[in-house]
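# Structure assessment
Next come the chains, spelled out residue by residue.
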Amino acid sequence: MDMNDIAERGLVLLGCGKMGSALLEGWLNQGLPAGSVHVLEPRPSDWLQATGVHLNGPLPAAPAVALLAVKPQMMGEALPALQALGGGGTLFVSIAAGTSLASLEAALGAGTPVVRVMPNTPAAVGRGISALIGNPFVSPGELALADSLMAAVGQTVMLENEGQMDAVTAVSGSGPAYVFHLIEALAAAGEAEGLPAEMAMQLARATVCGAGELAQQSPESAAQLRINVTSPGGTTAAALGVLMAEDAGFPPLLRRAVKAAADRSRELGR
């Protein structure tokens, strides 16, 4: 299965909010014909209506892929519309957080190939990262197809087992919020040292975004990049003495935060 199959047999997108729209935009930019895409979305945006995709119409009998992009709590009411496609020929890809492969398979019918994906919101600017895991009915070709669909909005990783999804959720799924909070906190600290609020925020935002881009593009490790900025006895070393403290610094704080998110993900998945 590949993008040509999708162009011929069609792709059904259930839900087209922020993440669904980011994916659809990526696919259309990569040359997927709008006429091959069937979207079910009760509140379509102006952008979606202008794309030329089939909107809220009848679905093809055997599309290549059905991608589930509704909120987890809406999954129950959305699935019946897709049950007719379950049981074989259509690959299902779900980006609903906390919805297990087993529960998706139970809803869609035994033998349905399902790939579960955890993307994140930087997908909106083509800088996302998605983790994928397939059930036993997914062929290597179908897994590769799901991978290429998610690659339209950023990087991808393949998980070894579904249990790792809770940790992925806690690191990259929820992680953008941690970074946004770092920007807030860094700006507030700059204000406390006497900078005007707007300038402090501009400095904090540009610093975090720029450092992230440097980490992305540099062949050096994050640890080495940190060392490169730190002269012995200098200002950075003074700050890192606080941030890297074993008892109250970043490492134990982030361990607790990521554990809290992973624990919550496990709870929601039950």
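Just so it is clear, the model here is predicted, and its values are computed rather than measured.

### Concerning the overall build of the protein
When its secondary structure is counted, the protein shows 12 helices and 8 strands. Reported as C-alpha extents along the three principal axes, the dimensions of the protein are approximately 70 × 40 × 35 Å. Within the protein, buried positions represent 37% of all 270 residues. Intrachain contacts of the protein at a sequence separation of at least 6 include 59% that bridge at least 24 residues. Charge centroids of the protein, computed over 14 positive and 23 negative side chains, lie 7 Å from each other.

### Brief notes about the nonpolar core
Counting residues in hydrophobic clusters, the biggest one holds 33 residues, and the most contacted among them are Leu13, Leu24, Trp27 and Val65. Going through the elements one at a time, β1 (11-14), α2 (18-29), β2 (37-40), β4 (65-68), β5 (91-94), β6 (114-118) and α6 (140-150) are the ones with two or more residues in this core. No other element matches the 5 residues that α2 contributes to this core. Aside from chain neighbours lying at most four places away, what touches Leu13 is Gly20, Leu24, Trp27, His38, Val39, Leu40, Leu67 and Ala69. In this structure, Leu82, Leu108, Met118 and Leu159 belong to the second largest nonpolar core, which totals 24 residues.

### Observations concerning the pairing of strand β8 (residues 154-158)
Across a regular strand the side chains alternate sides, sitting on one face of the sheet and then on the other. The pairing of strand β7 (residues 128-134) with β8 spans 5 bridges and is parallel. Each residue of the ladder has a partner; that of Gly128, found in β8, is Gly154. Taking the sense of rotation as the criterion, the β-α-β connection linking β7, α6 and β8 turns out right-handed.

### What about the sheet that holds β5?
Read across the open sheet, the 8 strands follow the order β3-β2-β1-β4-β5-β6-β7-β8; overall the sheet is mixed. Each end of this open sheet is capped by a strand with a single partner; those strands are β3 (54-55) and β8. Lying over the sheet, helix α7 (residues 165-173) contacts β6 and β7, oriented at roughly 35 degrees with respect to β6.

### Section: the pairing of β7
Burial within β7 is extensive, with 5 of its 7 residues counted as buried. Across 4 bridges, β6 lies against β7 in antiparallel orientation. Across the sheet, residue Met118 finds its bridge partner in β7, namely Ala131.

### So, the pattern of salt bridges
Pairs can form between side chains of opposite charge once their charged atoms are near each other. The final tally for this structure, using the stated rule, is 5 salt bridges. Salt-bridge contacts for Arg116 lead to Glu162; the nearest nitrogen and oxygen are separated by 2.8 Å. Highlighted residues: Arg116 in strand β6 and Glu162 in the loop between β8 and α7, separated in sequence by 46 residues. Here Arg266 ties to Asp263 by a salt bridge, and the two come within 2.8 Å at their closest N and O atoms. With a gap of 3 residues between them, Arg266 and Asp263 both fall in helix α12 (residues 250-269), about one helical turn apart. The exposure class of Arg266 is partly exposed, given its relative accessible area of 36%. A cluster of three or more residues bridged by salt bridges with shared partners is formed by Lys259, Asp263 and Arg266.

### Details of the confidence of the model for the protein
Detailed reading of the predicted model is not advised wherever pLDDT is low. Residues of the protein with pLDDT of at least 70 account for 100%, and the chain-wide mean is 93. Mean pLDDT across the elements of the protein bottoms out in helix α4 (residues 75-78) (75) and peaks in helix α8 (residues 175-192) (98).

### Topic: the side chain of Ser172
Along the chain, the position of Ser172 falls in helix α7. Judged by its relative accessible area of 16%, Ser172 falls in the buried class. For Ser172, the residues in contact, after removing those within four places along its chain, are Asn120 and Ile129.

### So, the environment of Ser36
In this fold, Ser36 is placed in the loop between α2 and β2. Between the alpha carbons of Ser36 and Gly52 there is a distance of 9.8 Å; along the sequence they are 16 residues apart. Apart from the residues lying within four places of it in its own chain, the contact partners of Ser36 are Ile6, Ala7, Gly10 and Leu11. Looking at Ser36, its side chain comes within polar contact range of the main-chain oxygen of Ala7, at 2.7 Å.

### With respect to unusual backbone geometry
One non-glycine residue, Asn56, lies in the positive phi region at around 55 degrees. Examined against the element boundaries, Asn56 turns out to sit in the loop between β3 and β4. We classify Asn56 as partly exposed; its relative accessible area is 42%.

What counts and what doesn't
- Residues numbered from 1 in each chain as written.
- Predicted model: local features only at pLDDT ≥ 70, side-chain atom pairs only at ≥ 80, totals over all residues.
- Heavy atoms only, no water.
- Helix = DSSP H or I, 4+ residues; strand = E, 2+ residues; numbered from the N terminus.
- Buried < 20%, exposed > 50% of the residue type's maximum accessible area, 1.4 Å probe, protein only.
- Contact = heavy atoms within 4.5 Å.
- Lys, Arg positive; Asp, Glu negative; His and termini not counted.
- Charge placed at Lys NZ, Arg CZ, Asp CG, Glu CD.
- Core = buried A, V, L, I, M, F, W, Y, C linked by side-chain atoms within 4.5 Å.
- Pairing = 2+ DSSP bridges.
- Right-handed = clockwise from strand over helix to strand, strands pointing away.
- Axes fitted to C-alpha atoms, helices over the stretch in contact; angles between N-to-C directions.
- Salt bridge = Lys/Arg side-chain N within 4 Å of Asp/Glu carboxyl O.
- pLDDT = per-residue confidence, 0-100.
- Polar contact = N/O pair within 3.5 Å; in protein donor to acceptor, adjacent residues only side chain to side chain.

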